[in-house]
Amino acid sequence: MLEQLEIYISAQKTIGNYMLALGLIMVLVAILMHFSTTDSLFYGLKIGLLVFGFFSLIGGYSYKLTEDKLLKSQTSIYQANANEFNQVEKERMQKVVKNFPVIQFVFAVLIIAALVTNLLFDKPFLNGILFALVVFLVGNMIIESISKQSISAYFEQLSTIN
């Protein structure tokens, strides 16, 4: 079962890489926008892309570190007692599977709220920031949906163990 955990952790670290890539792209676009128009909408977009891009970079890096720590701690548990490992992992993954739709729902609500706010206010700077927020949230929602495959596969393998 440890091999399946390693495969799962590897897939999740790839998700961290996707978060890093999203953040890097957002920061690079913000830098490129710095040399273009000075319109307040684009200024808000530039600031938003920069801020949310750094959030994504920090989040991706932290996620990868968390996955490394998880692998080490779960490997220690497995080496000490394989049955305890199976129980702890099943409980942990049940929470992950249960919370996945909640996280996606929160992303969707925030996206809708940002879009509605964008429609209600005629503040170009704020609209630019909100558009960057939507890009950030949609990107993370897509990344999380990619993550769902490895979550489901690993949970299914855990569920077959008695």
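These lines cover the structure that appears in this document, whether it is placed above or below. (Residues numbered from 1 in each chain as written. Predicted model: local features only at pLDDT ≥ 70, side-chain atom pairs only at ≥ 80, totals over all residues. Heavy atoms only, no water.)

**What to know about the overall build of the protein**
Line of reasoning, step 1. Regarding its fold elements, the protein presents four helices and zero strands.
Line of reasoning, step 2. Reading the protein from its N end, one meets helices and strands in the order α-α-α-α.
Line of reasoning, step 3. Its C-alpha radius of gyration of 19 Å places the protein more than 25% over the 15 Å reference for a compact globule of 162 residues.
Line of reasoning, step 4. Within the protein, buried positions represent 34% of all 162 residues.
Line of reasoning, step 5. Across the protein, contacts joining residues at least 24 apart in sequence account for 81% of those joining residues at least 6 apart.
Line of reasoning, step 6. Carbon together with sulfur atoms contributes 68% to the accessible area of the protein, which is approximately 9,500 Å² in total.
Line of reasoning, step 7. Charged side chains of the protein number 11 positive and 11 negative; the gap between the two group centres comes to 5 Å. (Helix = DSSP H or I, 4+ residues; strand = E, 2+ residues; numbered from the N terminus. Rg over C-alpha atoms; globule rule 2.2 N^0.38 Å. Buried < 20%, exposed > 50% of the residue type's maximum accessible area, 1.4 Å probe, protein only. Contact = heavy atoms within 4.5 Å. Areas by Shrake-Rupley, 256 points an atom, 1.4 Å probe, with all protein chains shown as cover. Lys, Arg positive; Asp, Glu negative; His and termini not counted. Charge placed at Lys NZ, Arg CZ, Asp CG, Glu CD.)

**Considerations on the packing of aromatic side chains**
Line of reasoning, step 1. Tallied over the entire structure, the rule returns five aromatic pairs.
Line of reasoning, step 2. Centroid distance Phe-52 to Phe-55: 5.9 Å. Interplanar angle 65 degrees. Geometry classified as edge-to-face. Of the two residues, Phe-52 and Phe-55 both sit in helix 2 (residues 40-80), three residues apart, roughly one turn of that helix.
Line of reasoning, step 3. Residue class for Phe-52 comes out buried when judged on its relative accessible area of 13%.
Line of reasoning, step 4. For Phe-55, a relative accessible area of 48% translates into the label partly exposed.
Line of reasoning, step 5. Clustering of aromatic rings is evident, with ring pairs tying together Phe-52, Phe-55 and Phe-136. (Phe/Tyr/Trp six-rings, centres within 6.5 Å; stacked < 30°, edge-to-face > 60°.)

**Some points on the nonpolar core**
Line of reasoning, step 1. Judged by nonpolar contacts, the single largest core of 18 residues is most densely connected at Met-26 and Leu-49.
Line of reasoning, step 2. When residues of this core are traced back to their parent elements, those giving at least two are helix 1 (2-34), helix 2, helix 3 (82-120) and helix 4 (124-159).
Line of reasoning, step 3. Grouped together as the second largest cluster of nonpolar side chains are twelve residues, Tyr-8, Ile-9, Tyr-154 and Leu-158 included. (Core = buried A, V, L, I, M, F, W, Y, C linked by side-chain atoms within 4.5 Å.)

**Overview of a nonpolar patch on the surface**
Line of reasoning, step 1. On the surface, Val-102, Phe-105, Val-106, Val-109 and Leu-110 cluster together into a nonpolar patch covering about 440 Å² of accessible area.
Line of reasoning, step 2. Note that Val-102 resides in helix 3.
Line of reasoning, step 3. Look at Val-102 and you get partly exposed, because its relative accessible area is 47%. (Patch = residues over 30% accessible without salt bridge, like charges linked within 9 Å, V, L, I, M, F, W, Y side chains within 5 Å. Salt bridge = Lys/Arg side-chain N within 4 Å of Asp/Glu carboxyl O.)

**Concerning the packing of helix 2 against helix 3**
Line of reasoning, step 1. Running from N to C, helix 2 and helix 3 cross one another at 140 degrees; their axes reach a closest spacing of 5 Å. Looking at the two axes, helix 2 sits oblique to helix 3. On the side of helix 2, the interface is formed by Leu-70, Gln-74, Ile-77, Tyr-78 and Ala-80, while helix 3 contributes Ala-82, Glu-84, Phe-85, Val-88, Glu-89 and Arg-92.
Line of reasoning, step 2. Considering only residue class, the contact of helix 2 with helix 3 consists of seven nonpolar, one polar and three charged. (Axes fitted to C-alpha atoms, helices over the stretch in contact; angles between N-to-C directions. Parallel < 35°, antiparallel > 145°, perpendicular 65-115°, else oblique. Nonpolar A, V, L, I, M, F, W, Y, C, P; charged D, E, K, R; others polar.)

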